[in-house]
Amino acid sequence: MEDASQELLKSVVKIKNPNGFHMRPKAAFVEAASRFVSEVKLIWEGQVFNGKSMFELMLVAAGEDSEVTLEVFGSDSHLALQELEKVLAEEDVSVLD
Amino acid sequence: MEVYRGIPVYPGVVIGPALLLDTEGYLIPQRSITASEVVEEFERLKIGIRDAAIEVRSNQAIIAAKVGTQYGAILGAHAQMIEDPFLLGEIESLISKKFFTAEYALSLVMRKHIKEIQSLPDARMASRATDLFDIEKQILGKLIGQRKEGLNSLNEPVVILAHDLSPSETAKLNTKLVHAFATEAGGRTSHTSILAGALEIPAVVGLGKFISEVTGGDIVIVDGNAGLLIIDPDAETLRRYQKTQTDIVSLDASLESLRDLPAITQDGVEIKLLGNIEFPHETKHCLDKGAQGIGLYRTEFLFMGKDAVPTEDEQFEAYKEVVQAMGKDRPVVIRTLDLGGDKLAAFSNLHIPEKNPFLGLRSIRLCLRNIGLFKTQLRAILRASVYGNIQLLFPMISTVLELRQAKMIVSEVKEDLFEEKVPFNKDIPIGTMIEVPSAAILSELMAKEVSFFSIGTNGFLA
């Protein structure tokens, strides 16, 4: 991976979902993250979680209006960041989780 | 090392590998492999995970079609966890470094994640641990399906750990290999506990939540004397219990050598040693230990946990079994029903809530208020009395009048049997328990009414 376009991208995203970052948004996030070759990290309350592991994300108890930091690193990082921000910002108003 | 305190239901100490029995009956009977089997184990794991994911995804599709995609998505998340490459990596690393089976490694890894999730401050997120249990079960089901192992194919001694065991599950345990059990639920009088006594394996129940702290194959100690379950004991504890075990074995052996010696005091008084039982099949255990009879047969276990009162014939068969096993000469003291109405499902309609049921309408008082129930039991006992040396015992008598009432009912039943030409021992000895203070004070008068006393001391120790 000597690609010159490689760079570490960061973005702070606010969770808008009234139920917080619950299981289904997490599943959608992992699915999206896994489509990219870039490394995806999610930082919540100072802890770093692997964005491609559902198990790790299960430990993110981010409620509505809390902030998480996205870190993407790799050859397709720009596209990945864009896409993952979208997933995180999605409002899922259903009460299921 | 974790120590849990519960209710001891059968004494003894067992040290052995845990076998977790959940409601679906998945077990992890084997926890180690040899170095040469690692590659094969990787392959099993991958197939298990793949199959579990396929099944969960197909369920997802079914549920999505039935009730909506958002419901199906829950299973989608499960599938994602099952296919999580990091999960696979963690499990594989345990297999290759510690030579664990795929099942055991999976269970260990899942236990770790479950604990992490349970410790989340957000209660709703923490409750997602249930999803992880489900995922574990899915994969285990596939892995164990490959091996087709179960309780019937145990090949080494184990300790069964479960949330609860049904009486039928308990009854089916192969005691050659199941050396002890411990459960989260249950009480001293639950059927499972009673069966543990009958199977003669150390057991502790009512331990509270511990299942998420243990993995099948972990070494555990069941201390049926103190009512403890010790998970993953440290070296010192293990040593101590190993010593206890050898002490018990040598104690048993030394007692065995005393078995056939006569029980005579130094001044020449012979004392009869009799056994107490709850179930007919325990008679054999008593005989094996050299009992000269049954000193107390607690009949209430015939009545517990049933929707209906046992019929006269059912009771007769049970009493007959005991008395026949003991033979013509050895005495069998059968005590009539000694239970409160609150313990009898069949009496729920009769049951009047009381402030202190232990001192309320129970035992002989309940029988005297429910003559039909009492007479049925007396008929069964009298009918069985022709097969050996049965003695009849009334519990919880507190006045002479009560004792006379009870005896009068026995006379009525005898008359009925006589008229029906049903054989019985017309001279059956009748005794009474001296277990409440009034009976102790009235014992001189009581003595004139009965052939023998049985003293229940624990009622006097309050």
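For the structure, see preceding data.
Residues numbered from 1 in each chain as written. Chains lettered and ligands numbered in written order. Predicted model: local features only at pLDDT ≥ 70, side-chain atom pairs only at ≥ 80, totals over all residues. Heavy atoms only, no water.

Residue and element names in this part refer to chain B. Residues I62, I63, V67 and Y71 make up a contiguous nonpolar surface patch of roughly 340 Å² in combined accessible area. With 3 residues, helix α1 (residues 38-67) is the single largest residue contributor to the nonpolar patch. When you line up the elements, I63 lands in helix α1. A relative accessible area of 31% places I63 in the partly exposed class. (Patch = residues over 30% accessible without salt bridge, like charges linked within 9 Å, V, L, I, M, F, W, Y side chains within 5 Å. Areas by Shrake-Rupley, 256 points an atom, 1.4 Å probe, with all protein chains shown as cover. Salt bridge = Lys/Arg side-chain N within 4 Å of Asp/Glu carboxyl O. Helix = DSSP H or I, 4+ residues; strand = E, 2+ residues; numbered from the N terminus. Buried < 20%, exposed > 50% of the residue type's maximum accessible area, 1.4 Å probe, protein only.)

Here the focus is the interface of chain B and chain A. The partner chain A presents 22 residues to the 22 residues of chain B that form the contact. Three residues, Q80, R124 and M125 of chain B, lead the burial of chain B against chain A; their summed loss comes to 28% of the area buried on that side. The tally of links between chain B and chain A comes to 0 salt bridges. Counting across the interface, chain B meets chain A through 4 residue pairs in polar contact (both at pLDDT 80 or more). (Contact = heavy atoms within 4.5 Å. Buried area = accessible area lost by both parts, 1.4 Å probe. Polar contact = N/O pair within 3.5 Å; in protein donor to acceptor, adjacent residues only side chain to side chain.)

What follows covers the side chain of K26 of chain A. Assignment of secondary structure puts K26 of chain A in helix α1 (residues 23-34). From its side chain, K26 of chain A meets the backbone oxygen of F21 of chain A in a polar contact 3.4 Å long. Among all residues touching K26 of chain A, those that are not within four sequence positions of it are F21, M54, L57, M58 and V60 of chain A together with M125 of chain B.

Before going further, it helps to examine helix α3 (residues 77-89) of chain A. Residues and elements named next belong to chain A. Helix length check: α3 (13 residues) gives 18 Å between terminal C-alpha atoms against 18 Å at 1.5 Å per residue, within 8%. Those residues of α3 that fall on the buried side of the exposure criterion are S77, A80, L81, L84, V87 and L88. Considered in projection along α3, the buried side chains sweep an arc of 130° and stay on one side of the axis. Pointing more than 90 degrees away from the buried face of α3 are the exposed residues L79, Q82 and K86. Where α3 is buried, its residues contact β1 (7-14), α1, β2 (39-44) and β4 (67-74). (Expected span 1.5 Å × (residues − 1). Arc of directions from axis to C-beta.)

Counting 67 residues, the largest nonpolar core has F21, F29 and L70 of chain A together with I139 of chain B as the members making the most contacts within it. Top contributing element to this core by residue count: helix α4 (residues 102-118) of chain B, with 8 residues. Every residue in contact with F29 of chain A, bar those within four places of it in the chain, is listed here: F21, V40, L42, G51, L57, L70, L84, V87 and L88 of chain A. (Core = buried A, V, L, I, M, F, W, Y, C linked by side-chain atoms within 4.5 Å.)

Function-wise, these values are silent; they only describe arrangement.
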